[in-house]
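Inside the fold
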Protein chains: 2
Amino acid sequence: MTDTGWRPVKRTRAFEDVLAQIERRIVEDGLTVGDRLPGERQLAEQLQVGRSSVREALRVLETLGVVSSQAGRGPDAGAVLTSRPDSALTDLLRLHLGLASLELREVIDTRLMIERWAAAGAATARAGTTALVAALEGMERARTAEEFVEHDTAFHCAIADASGNRLIAAIMRSLRESVRRYAIEAVEQLGDTRVLQDGHRRILAAIDAGSPEEAARAVTDHLADAYPTLFPRP
Amino acid sequence: MTDTGWRPVKRTRAFEDVLAQIERRIVEDGLTVGDRLPGERQLAEQLQVGRSSVREALRVLETLGVVSSQAGRGPDAGAVLTSRPDSALTDLLRLHLGLASLELREVIDTRLMIERWAAAGAATARAGTTALVAALEGMERARTAEEFVEHDTAFHCAIADASGNRLIAAIMRSLRESVRRYAIEAVEQLGDTRVLQDGHRRILAAIDAGSPEEAARAVTDHLADAYPTLFPRP
DNA sequence: ACCACTGTATGGTCAGACCATAGAACGCGA
DNA sequence: TCGCGTTCTATGGTCTGACCATACAGTGGT
């Protein structure tokens with residue numbers, strides 16, 4: 001008697017099956033942000049698995065920023081499809097940094113790449129300057145390193161937002177968020193933030209003037225100012 | 001009687017507490033890739049929560065590519081710390097693409113940004129050419145669109161690998177993986193892969209010659225060839 | 001020294017119970 | 001009819017205990 005059925009090398013776990021089924025529904029039924037998934041108990045019955053397996057699958061989707069669960073009753077209750085890639089990316093980066101499977105240098109280099117690209121694009125489109133000005137003024141008023149970094153983050157994320165690319169903007173936000181601690185340290189060590197503010201003004205001026213090359217150069221110099229240990233200047 | 005205890009707006013769920021505790025241990029105890037976490041039952045007892053909450057936390061960590069669970073007994077069994085950011089990023093991108101909360105254009109643009117950066121860096125360092133040649137030969141031998149895309153992915157990921165930045169390499173692999181379906185479609189629609197191979201050879205030549213600008217231009221032109229609908233050429 | 005059997009720790013899953021939450025439905029008084 | 005407080009109920013969140021599957025460790029026989 002030959003075993004005609006193919007035996008997978010690794011048995012698919014029940015929650016993985018649930019995951020695949022939910023993803024299939026999203027694609028096939030064209031579900032989009034705001035749509036609701038069936039309740040956990042109903043889903044478990046439909047897919048013939050235990051509720052815990054459904055919950056694990058939903059937990060994965062929540063981690064990936066695709067669903068958001070809310071208890072209670074009403075239109076907002078239950079598992080609702082959302083789009084929050086930021087927190088997933090932030091958690092990913094923070095944990096891998098903590099595990100030392102990523103180095104700070106790699107994260108900052110990535111940020112430099114993104115920001116050069118985004119600043120050049122913003123200069124070409126002359127876009128997003130109002131948000132940049134607002135962040136600049138926020139930094140002027142800041143009285144602590146935390147406050148300064150807060151508005152600094154807003155400034156640099158505004159550059160990424162100006163690109164109009166949501167993926168790149170999300171990556172940028174996550175990069176900033178995951179290195180927030182180090183950024184505050186860096187500002188405190190620097191003491192004087194005037195050199196950083198000068199860099200910000202130079203970036204803004206380049207974008208305003210519509211010169212992509214100068215904008216990219218300004219970003220590079222600014223990061224070298226912010227992280228002198230990572231980018232030793234000649 | 002004033003309530004001195006601060007009441008959080010949103011009650012932290014048990015599995016989130018577990019998550020935070022595990023992350024704390026990783027950072028404080030300096031745990032790294034290869035180290036084992038306590039068993040689910042033991043962890044549940046230590047943290048005074050149910051095993052299901054521990055499992056949900058571990059599922060999140062597994063989703064983020066930080067732990068890998070293995071049943072059975074022995075040194076490899078249990079929850080082991082790993083470093084697999086790729087699958088997490090791939091799932092993230094694929095799901096958000098399916099949800100239409102990200103557009104293909106944004107993903108391809110991101111890829112273009114990364115690949116220009118990485119190719120320029122590879123040209124400066126004259127690095128990674130052997131892997132590029134191998135992938136090039138693989139594409140010559142390919143007899144189906146799937147096979148071609150397989151080696152094409154290897155070629156472009158090799159460029160990112162040459163950057164030496166693991167984060168950027170991981171993002172690149174995920175970008176390619178999540179658009180694999182569209183890439184196969186694009187190759188099938190194109191029919192003739194010679195123009196793509198010409199592009200590959202031009203990129204390789206630029207890296208080999210150590211000219212970053214030409215490498216970046218070659219990458220840009222190559223992607224325009226591969227996705228003519230996204231990048232209309234004049 | 002080798003090998004087959006058994007033991008056991010571990011993850012994977014399920015069923016059922018209970019709690020917390022928050023809108024829905026209801027009912028009552030003005 | 002309107003307004004408001006009460007109760008109902010669907011939903012997620014959690015715990016417990018049980019059982020299965022897996023794969024190495026230990027054991028004992030050859």
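Values in this document were obtained by computation on a predicted structure and should not be read as measured data.

Turning next to the interface of chain B and chain A. Chain B puts 48 residues into the contact, and the matching count from chain A is 49 residues. Across the chain B to chain A interface the summed buried area is about 4400 Å²; carbon plus sulfur atoms make up 64%. Two residues, Arg-94 of chain A and Glu-23 of chain B, come together in a salt bridge whose shortest N-O distance is 2.6 Å. At the junction of chain B with chain A, the criterion picks out 16 residue pairs in polar contact (both at pLDDT 80 or more). Mapped by element, the contributors of at least two residues to the side of chain B that touches chain A are helix H1 (14-28), helix H3 (51-63), helix H4 (85-98), helix H5 (104-125) and helix H8 (166-178) of chain B. Looking at the side of chain B that touches chain A, the element that brings in the most residues is H4 of chain B, giving 10 residues. Split into classes, the residues belonging to the side of chain B that touches chain A amount to 24 nonpolar, 11 polar and 13 charged.

With that out of the way, let us pick up the packing of helix H8 (residues 166-178) of chain A against helix H9 (residues 180-190) of chain A. All names here are of chain A. For the pair H8 and H9, the least separation of the axes is 4 Å and the interaxial angle reads 60°. The angle between H8 and H9 falls in the class oblique. On the side of H8, the interface is formed by Arg-176, Glu-177 and Ser-178, while H9 contributes Arg-180, Tyr-182 and Ala-183. Its residues assigned to classes, the contact of H8 with H9 shows two nonpolar, one polar and three charged.

A few words on the confidence of the model for chain A. Regions with low pLDDT carry predicted coordinates that are not meant to be interpreted in detail. Per-chain confidence: chain A averages 93 in pLDDT, with 95% of residues scoring 70 or above. Scored below 50 in pLDDT, residues 1-9 of chain A shows zero contacts in the model against residues more than four places distant or in partner chains.

Once that is clear, we can look at the pattern of salt bridges. Taken as a whole and judged by the stated rule, the model has 50 salt bridges over all chains. Between Glu-106 of chain A and Arg-166 of chain B there is a salt bridge, and its shortest N-O distance comes to 2.9 Å. Here the residue Glu-106 of chain A occupies a position in helix H5 (residues 104-125), and Arg-166 of chain B occupies one in helix H8, the pair thus bridging two chains. Arg-166 of chain B sits in the partly exposed class, given a relative accessible area of 39%.

What follows concerns unusual backbone geometry. Across residues other than glycine, the phi torsion is negative in most instances, and most of the peptide bonds are trans. Residues and elements named next belong to chain A. Non-glycine residue Gln-48 carries a positive phi angle of around 60°. Residue placement: Gln-48 occurs in the loop between helix H2 (40-47) and helix H3 (51-63). By relative accessible area, which is 69% here, Gln-48 ends up exposed. The phi dihedral of Arg-126 is positive, around 50°, even though this residue is not glycine. Within the element layout of this structure, Arg-126 appears in the loop between H5 and helix H6 (129-141).

Two chain copies here: they are related by a rotation about an axis and a translation along the same axis. Of the transformation superimposing chain B on chain A, the axial component is 0.0 Å and the angular component is 180°, with the fit at an RMSD of 0.1 Å. A rotation of that kind, with that shift, is consistent with a two-fold axis.

Turning our attention to the side chain of Thr-129 of chain B. Among the structural elements, Thr-129 of chain B can be located in helix H6 (residues 129-141). Those residues within four positions of Thr-129 of chain B in sequence are excluded, and the remaining contacts are Leu-204, Ile-207 and Asp-208 of chain B.

Turning our eyes to something else, we now look at the protein's contact with DNA strand D. As a matter of local geometry, DNA strand D sits amid 24 residues, with Arg-51 of chain A together with Ala-14, Gly-50, Ser-53 and Arg-73 of chain B nearest to it. Backbone atoms, meaning sugar and phosphate, form 63% of the atoms of DNA strand D found within 4 Å of the protein. Arg-59 of chain A is positioned with one of its side-chain polar atoms (N or O) 3.5 Å from a phosphate oxygen of DNA strand D. Between DNA strand D and Gly-72 of chain B, the relevant distance is 3.3 Å, taken from a base oxygen to a main-chain nitrogen or oxygen of the residue. Those elements that provide at least two residues to the surface near DNA strand D are H2, H3 and strand E2 (78-81) of chain A together with H1 and H3 of chain B.

Our next topic: the protein's contact with DNA strand C. Lining the immediate environment of DNA strand C, one finds 25 residues, of which Arg-13, Ala-14, Gly-50, Ser-53 and Arg-73 of chain A sit closest. Among the atoms of DNA strand C close to the protein, meaning within 4 Å, 61% are from sugar or phosphate groups. In this structure, Arg-13 of chain A approaches DNA strand C through a side-chain N or O atom, which is 2.8 Å from a phosphate oxygen. Elements with a contribution of two residues or more to the surface near DNA strand C: helix H1 (14-28) and H3 of chain A together with helix H2 (40-47), H3 and strand E2 (78-81) of chain B.

Taken as a whole and assessed by the stated rule, the structure comprises zero aromatic pairs over all chains. Arg-181 of chain A extends its terminal NZ or CZ atom over the ring of Tyr-182 of chain A, reaching a point 4.8 Å from the ring centre.

Attention now goes to the packing of H5 of chain A against H8 of chain A. A pair of packed helices can be characterised by two numbers: the angle between their axes and the separation between those axes. Residue and element names in this part refer to chain A. For the pair H5 and H8, the least separation of the axes is 10 Å and the interaxial angle reads 140°. Here H5 is positioned oblique relative to H8, judged by the angle of their axes. The element H5 and its partner H8 pack so that their crossing is left-handed. Here Val-107, Thr-110, Arg-111, Ile-114, Glu-115 and Trp-117 of H5 lie close against H8, whose contacting residues are Ile-168, Ile-171, Met-172, Leu-175 and Arg-176. In the contact of H5 with H8, the residues fall into seven nonpolar, one polar and three charged.

Definitions and cut-offs
Residues numbered from 1 in each chain as written. Chains lettered and ligands numbered in written order. Predicted model: local features only at pLDDT ≥ 70, side-chain atom pairs only at ≥ 80, totals over all residues. Heavy atoms only, no water. Contact = heavy atoms within 4.5 Å. Buried area = accessible area lost by both parts, 1.4 Å probe. Salt bridge = Lys/Arg side-chain N within 4 Å of Asp/Glu carboxyl O. Polar contact = N/O pair within 3.5 Å; in protein donor to acceptor, adjacent residues only side chain to side chain. Helix = DSSP H or I, 4+ residues; strand = E, 2+ residues; numbered from the N terminus. Nonpolar A, V, L, I, M, F, W, Y, C, P; charged D, E, K, R; others polar. Axes fitted to C-alpha atoms, helices over the stretch in contact; angles between N-to-C directions. Parallel < 35°, antiparallel > 145°, perpendicular 65-115°, else oblique. pLDDT = per-residue confidence, 0-100. Buried < 20%, exposed > 50% of the residue type's maximum accessible area, 1.4 Å probe, protein only. Least-squares fit on C-alpha atoms with pLDDT ≥ 70 in both. Near = heavy atom within 4 Å. Phe/Tyr/Trp six-rings, centres within 6.5 Å; stacked < 30°, edge-to-face > 60°. Lys NZ or Arg CZ within 6 Å of the ring centre and 35° of its normal. Left-handed = near helix turned anticlockwise from the far one by under 90°.

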